[in-house]
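What follows is the residue order along each chain.
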Amino acid sequence: MGIFDFFKKDKTSTNKEQKNSSDVMFLNTKATKANKEVFKSYTGGSGKLASSGQENSLHTSELVFSCVDYIAKASSQAVPELFQVDNKGNRVPVKDKKLREWITTPNPFLTWGNLIEMAIQGLLLSGVAPLTLELNKGKYETWFLTSPSNVSVVPDASKFIAGYLYDTGSNPIKYKVDELCWIINPTLNNPFYGLPTVASLLDTLSLDAEAIEDLQSFYSGSNIISGLLKAEYPLSPEQMEDLRTQFNSLYGKKGTERRGTAILPAKMDYKAIQATPRDAMLLDSLNISEKRVLRVFKLNSLVLGGESTSTSHPQELMKVVFNTAVRPYLYKIADFMSLFLTEKFGKQYVFEFNLNRVTELDTPLDVKSDSAKTLFATGITTLNESRELIGLDPLDIANADKNLIPAFLAGTNAQFFQEIGANNTENTNNTVKPVGSTSPDGGKPDLTI
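Residues numbered from 1 in each chain as written. Predicted model: local features only at pLDDT ≥ 70, side-chain atom pairs only at ≥ 80, totals over all residues. Heavy atoms only, no water.

### What about the overall build of the protein?
Okay, so step 1: When helices and strands are tallied, the protein shows 14 helices and 12 strands.
Okay, so step 2: When each of the 449 residues of the protein is scored for burial, the buried share is 37%.
Okay, so step 3: For the protein, contacts bridging at least 24 residues in sequence account for 63% of all contacts bridging at least 6.
Okay, so step 4: Total accessible area on the protein is roughly 26,100 Å²; 54% of this is exposed by carbon and sulfur atoms. (Helix = DSSP H or I, 4+ residues; strand = E, 2+ residues; numbered from the N terminus. Buried < 20%, exposed > 50% of the residue type's maximum accessible area, 1.4 Å probe, protein only. Contact = heavy atoms within 4.5 Å. Areas by Shrake-Rupley, 256 points an atom, 1.4 Å probe, with all protein chains shown as cover.)

### Topic: the pattern of salt bridges
Okay, so step 1: The final tally for this structure, using the stated rule, is 3 salt bridges.
Okay, so step 2: The partner of Lys-73 in a salt bridge is Asp-69, with the nearest N and O atoms 2.6 Å apart. In this pair, Lys-73 and Asp-69 both sit in helix α4 (residues 62-75), 4 residues apart, roughly one turn of the helix.
Okay, so step 3: Its relative accessible area of 41% is what places Lys-73 among the partly exposed residues.
Okay, so step 4: Given the relative accessible area of 19%, Asp-69 is considered buried. (Salt bridge = Lys/Arg side-chain N within 4 Å of Asp/Glu carboxyl O.)

### Considering the packing of α4 against helix α10 (residues 314-345)
Okay, so step 1: Where α4 contacts α10, the axes come no closer than 10 Å and their chain directions differ by 80 degrees. As the angle between them shows, α4 and α10 are arranged roughly perpendicular. Listed contacts from α10 to Tyr-70, Ile-71, Ala-74 and Ser-75 of α4 are Met-318, Val-321, Phe-322, Ala-325, Val-326, Tyr-329 and Leu-330.
Okay, so step 2: Of the residues in the contact of α4 with α10, the class split is 10 nonpolar, 1 polar and no charged. (Axes fitted to C-alpha atoms, helices over the stretch in contact; angles between N-to-C directions. Parallel < 35°, antiparallel > 145°, perpendicular 65-115°, else oblique. Nonpolar A, V, L, I, M, F, W, Y, C, P; charged D, E, K, R; others polar.)

### With respect to α10
Okay, so step 1: For α10, with 32 residues, the first-to-last C-alpha span of 44 Å sits near the 46 Å given by 1.5 Å per residue.
Okay, so step 2: Maximal helix bending in α10 amounts to about 45 degrees, located at Val-326; proline Pro-328 follows within four positions.
Okay, so step 3: One or two steps after α10, the chain reaches Gly-346, where phi turns positive at roughly 70 degrees. (Expected span 1.5 Å × (residues − 1). Bend = angle between axes of the 7 residues up to and from the residue.)

### Details of unusual backbone geometry
Both trends apply: most residues other than glycine have a negative phi, and most peptide bonds are in trans.
Okay, so step 1: Phi at Ser-147 takes a positive value of approximately 50 degrees, unusual for a residue other than glycine.
Okay, so step 2: Within the secondary structure, Ser-147 sits in the loop between β5 (139-141) and β6 (151-156).

### Things to note about the environment of Lys-332
Okay, so step 1: Inspection of the secondary structure assignment puts Lys-332 in helix α10.
Okay, so step 2: The sequence separation of Lys-332 and Glu-352 amounts to 20 residues, and the corresponding C-alpha distance is 9.9 Å.

### Side note on the pairing of strand β3 (residues 128-132)
Okay, so step 1: Within β3, 5 of the 5 residues are buried, which leaves it mostly tucked inside the rest of the structure.
Okay, so step 2: In β3, alternate side chains face the same way, and those of Val-128, Pro-130 and Thr-132 on one face and Ala-129 and Leu-131 on the other are all buried.
Okay, so step 3: Two elements, β3 and strand β9 (residues 180-184), share 5 bridges in a ladder whose sense is antiparallel. Counterpart to Pro-130 in the pairing with β9 is Trp-182. (Pairing = 2+ DSSP bridges.)

### Topic: the nonpolar core
Okay, so step 1: With 53 residues, the main nonpolar core has Ile-71, Trp-102, Phe-297, Leu-299 and Phe-351 as its most contacted residues.
Okay, so step 2: Listing elements by their share of this core, those giving two or more residues are α4, α5 (97-104), α6 (112-125), β3, β9, α9 (277-297), α10 and β12 (349-354).
Okay, so step 3: Once residues lying within four places of it in the same chain are set aside, the contact partners of Phe-297 are Val-64, Cys-67, Val-68, Ile-71, Leu-124, Thr-197, Leu-201 and Ala-325.
Okay, so step 4: Of all hydrophobic cores here, the second largest spans 14 residues; its members include Val-151, Leu-180, Ile-184 and Phe-192. (Core = buried A, V, L, I, M, F, W, Y, C linked by side-chain atoms within 4.5 Å.)

### Quick word on the sheet that holds strand β1 (residues 79-85)
Okay, so step 1: The strand order β2-β1-β12 describes an open sheet built from 3 strands, whose pairing is antiparallel. Whereas interior strands pair on both sides, the edge strands pair on one side only; in this sheet they are β2 (91-92) and β12.
Okay, so step 2: As paired elements, β1 and β2 share 2 bridges and run antiparallel to each other. Considered in β2, the bridge of Val-85 is made with Arg-91.
Okay, so step 3: Strands in contact with α10 are β1 and β12; relative to β12, the strand with the most contacts, it is inclined by about 155 degrees.

### So, the sheet that holds strand β7 (residues 160-166)
Okay, so step 1: With respect to topology, 3 strands assemble into an open sheet ordered β6-β7-β8, the strand pairing being antiparallel. Each having just a single partner strand, β6 and β8 (173-175) make up the two edges of the open sheet. On average, adjacent strands in this sheet sit at an angle of 30 degrees to one another, irrespective of strand direction.
Okay, so step 2: Bridge analysis of β7 against β8 gives 3 bridges, and the strand direction is antiparallel. Bridging from a neighbouring strand, Leu-165 pairs with Lys-174 of β8.

### Focus on the environment of Ser-200
Okay, so step 1: Residue placement: Ser-200 occurs in the loop between β9 and α7 (202-221).
Okay, so step 2: Between the C-alpha atoms of Ser-200 and Val-293, which are 93 residues apart in sequence, the distance is 9.3 Å.

### Re the environment of Asn-399
Okay, so step 1: Relative to the helices and strands, Asn-399 is located in the loop between α12 (383-389) and α13 (407-410).
Okay, so step 2: Each C-alpha atom, one on Asn-399 and one on Leu-383, is 8.1 Å from the other, the two residues being 16 residues apart in sequence.
Okay, so step 3: A polar atom in the side chain of Asn-399 sits 3.2 Å from the side chain of Lys-402. (Polar contact = N/O pair within 3.5 Å; in protein donor to acceptor, adjacent residues only side chain to side chain.)

### Details of a negative patch on the surface
Okay, so step 1: A cluster of like negative charges, contributed by Glu-385, Glu-388, Asp-396 and Asp-401, occupies part of the molecular surface.
Okay, so step 2: One can find Glu-388 in helix α12.
Okay, so step 3: On the basis of relative accessible area, Glu-388 is assigned to the exposed category, the value being 61%. (Patch = residues over 30% accessible without salt bridge, like charges linked within 9 Å, V, L, I, M, F, W, Y side chains within 5 Å. Lys, Arg positive; Asp, Glu negative; His and termini not counted. Charge placed at Lys NZ, Arg CZ, Asp CG, Glu CD.)

### Brief notes about the packing of α6 against α10
Okay, so step 1: The N-to-C vectors of α6 and α10 enclose an angle of 105 degrees; their axes lie 11 Å apart at closest approach. It follows that α6 is roughly perpendicular to α10 by the angle criterion. For the pair α6 and α10, contact is made by Ile-116, Ala-119, Ile-120, Leu-123 and Leu-124 and by Tyr-329, Leu-330, Lys-332 and Ile-333, respectively.
Okay, so step 2: Broken down by class, the residue content of the contact of α6 with α10 amounts to 8 nonpolar, no polar and 1 charged.

### Considering the pairing of β9
Okay, so step 1: By the criterion of burial, β9 is predominantly enclosed, with 5 of the 5 residues buried.
Okay, so step 2: The alternating pattern of β9 places Leu-180, Trp-182 and Ile-184 and Cys-181 and Ile-183 on opposite faces, both of which are buried.

Listed below in structure tokens is the structure:
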């Protein structure tokens, strides 16, 4: 039994399917085992943009794997949060108990980190990330449909999308529109399926694969000291074959002298074969593909464990990479999920990610401390708010939750905005004149009360 069978309705349901392709009704949903031929007629002509081969490029290219793995794992650090919007447009806690449990535990076997990581892989390699939301035994569960290229959209003339068909290799599984959040990388030439990020790299990856295949063929099928043997005297076919066999046994792939020195019989000459221009171009193509792959995924080699001489501030580079390569996908998932939940439940919900746990966005403590000190000294934050910025607990003392008036305005005596009416005399215009210099650089008081 597959993992998706844990939350499916009984196959023996007696509801009948409406077979009119212009008005498809998914009555027996939750992945009821349906008639494959019937639903095939609803999905014809949709034109999928991804294939299993593109999805498998994650496993066949070391560089693509590194890029996708980094973006997916960086995204999985984000923690999803769910809010409900009231009639006044304010965010309030979610009232539905089942949804509160769901945003904490999406299903009994996977965490949100797992699901987000798989969803990002889906967008990068398939162009789509299908996330289900179904009620099972009184609890909402979300699963990621593996091999997204096996999911077909069931188009509808009036509803745009009537449902989805998940072909697992036996009987297809069908979902209603409100049971599957269909997240896509949009493209101009197809309204139903997304464009894989890796699609633009197919030619580059093919070249990379051919280069590696040629190199493997060269090293496995020839001598390291590849060349020509010349003799001053004629050789019979038997002698040539014996000589070739002996030479390969010594200097071939499994030979003990493969990287040694060739010792030839008398009156025999050896001439090495040098690399051709084609071989040189083949080797150069490996470096070209790396630059192209990194550019497509908007990554820097530094974040993948490589070396970079372009910056002396690696921490800032990590933030830039996260903001350009990772954050857009998190926003995409959050927007699609917010729309999906709002349409499903008829109430406005906001699905978003808390990024406090993302290590790439961490700021060194000394930088945080300087920022917190400046914010407190200028009155923008209170002492407790500044302490919170650097990860310290609040103080339960007087004035810790008040905003300090900057010293260049208030003079040497500490004053707080919350107490300005009690400690100062108002003038005839009902405005308070500050004590001390108005210059941020300090100086004698130029205003008096």
